[in-house]
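Residue-level listing of the chains:
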Amino acid sequence: IFVSVGKIIKKKTSAGWFYLLVILSLQICPFLMTVYLGNEPVLRSQIVYPLVLACNVVISIKGLENRITLKRACYILAVACLWMQLIPSMRLIYTDGIREQEDRSVMNEVSCRIHQVCGTTKPVAFVGEGKNNLNQACLRGEMIGKSIFNIDAGANPHYFFSTVRICENAKVMGFDMQHASEEQVKMARKEAIDMPVWPEEGSVKDCGEYITVKLSEDKWPEELEP
């Protein structure tokens, strides 16, 4: 990169200075979000780093047309960077596959338990958050590796949007599952106070118009006080 920039400065052309400005902007742009937020950015925003690195390698190779040794070194660096990026990427793909298998297995068990308890199709309210047990080869990201039973529980109203997401994902998996209404989820939270946690017996309960599935203890029990 320094060799390429040096050649551009020596040319002293308007196009060359514009090219230099583009190169400098490329180095700065991945860190603008960090400066703007004032803290560490989320993991998914860091996906831009390999792109910048790839552009730097291309620029370096272009500026080393007459320096065969350094040019070959850049090719070796490019292969090494590709390998370094490939390993975590493949682990993330593997992680999401394992996560999907576990979620499908749990969803199948929940669906079977619902049919045992109720026998008919009713809206379902999920109270609490589920957890998955990934193996040591898995690499969790911000969302990758996170169970569908553990998403949006903190959004207000609590456990309603997580219930919606779980039931919609259940449909994608091939399960006929309707989510409970906001009011039914509120009532389900009260019903779940004395219920055991999944997968214990009694963690799935027929509440008349809807079914309650207790994945964990309620994190906001103070909201249930009259």
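Refer to the structure presented above.
Residues numbered from 1 in each chain as written. Predicted model: local features only at pLDDT ≥ 70, side-chain atom pairs only at ≥ 80, totals over all residues. Heavy atoms only, no water.

Re a nonpolar patch on the surface
Defined as follows: The residues that make up patches have over 30% relative accessible area and no salt bridge, and they are joined within 9 Å when like-charged or within 5 Å when they are Val, Leu, Ile, Met, Phe, Trp or Tyr. The Shrake-Rupley method, run with a 1.4 Å probe, gives the accessible areas here. Residue values count only the displayed protein chains as cover. For salt bridges, the criterion is a side-chain nitrogen of Lys or Arg within 4 Å of an Asp or Glu carboxyl oxygen. In DSSP terms, a helix is any run of H or I states spanning at least four residues, a strand is any run of E spanning at least two, and both are numbered starting from the N terminus.
Together, Trp-83, Leu-86, Ile-87, Met-90 and Ile-93 make up a nonpolar patch on the protein surface, roughly 530 Å² of accessible area in all. Within the secondary structure, Trp-83 is located in helix α5 (residues 68-117).

Comments concerning the pairing of strand β1 (residues 124-127)
Going by this rule: Using a 1.4 Å probe on the protein chains alone, a residue whose accessible area is under 20% of its type maximum counts as buried, one over 50% counts as exposed, and one in between counts as partly exposed. Any two strands with at least two DSSP bridges between them are considered paired.
Here β1 shows a buried face lined by Val-124 and Phe-126 and a second buried face lined by Ala-125 and Val-127. Here β1 pairs with strand β3 (residues 211-214) via 4 bridges, running parallel. Of the residues in β3, the one forming a bridge with Phe-126 is Val-213.

Examining the pairing of β3
Judged by which residues are buried, β3 turns out to be covered on both faces: Ile-211 and Val-213 on one side and Thr-212 and Lys-214 on the other are all buried. From the end of strand β2 (residues 204-206) to the start of β3, which pair antiparallel, there are 4 residues, and Gly-208 there has a positive phi angle of about 95°.

Brief notes about helix α6 (residues 160-172)
Condition: The span you would expect from a helix comes to 1.5 Å times its residue count less one. Here, the arc refers to the directions that run from the helix axis to the C-beta atoms.
With 13 residues, α6 extends 19 Å from end C-alpha to end C-alpha; this agrees with the ideal 18 Å at 1.5 Å per step. Looking at α6, one finds that the buried residues are Phe-160, Ser-162, Thr-163, Ile-166, Cys-167 and Ala-170. Down the axis of α6, the smallest arc covering the buried residues is 165°, so these residues share one side. Remark: Gly-174 follows α6 within two positions and exhibits a positive phi of approximately 100°.

Thoughts on the packing of aromatic side chains
To describe a pair of aromatic rings, you give the distance between the ring centres and the angle between the ring planes. As a reminder of what qualifies: Any Phe, Tyr or Trp ring, taking Trp's six-membered ring, that has another such ring centre within 6.5 Å forms a pair; planes under 30 degrees apart are called stacked, those over 60 apart edge-to-face, and the others tilted.
Throughout the structure, instances matching the rule amount to 3 aromatic pairs. Centroid distance Phe-160 to Phe-161: 5.2 Å. Interplanar angle 65°. Geometry classified as edge-to-face. For Phe-160, a relative accessible area of 14% translates into the label buried.

A word on the environment of Asn-56
Here Asn-56 shows up in helix α4 (residues 48-63). For the pair Asn-56 and Ala-78, spaced 22 residues apart in sequence, the C-alpha separation works out to 9.7 Å.

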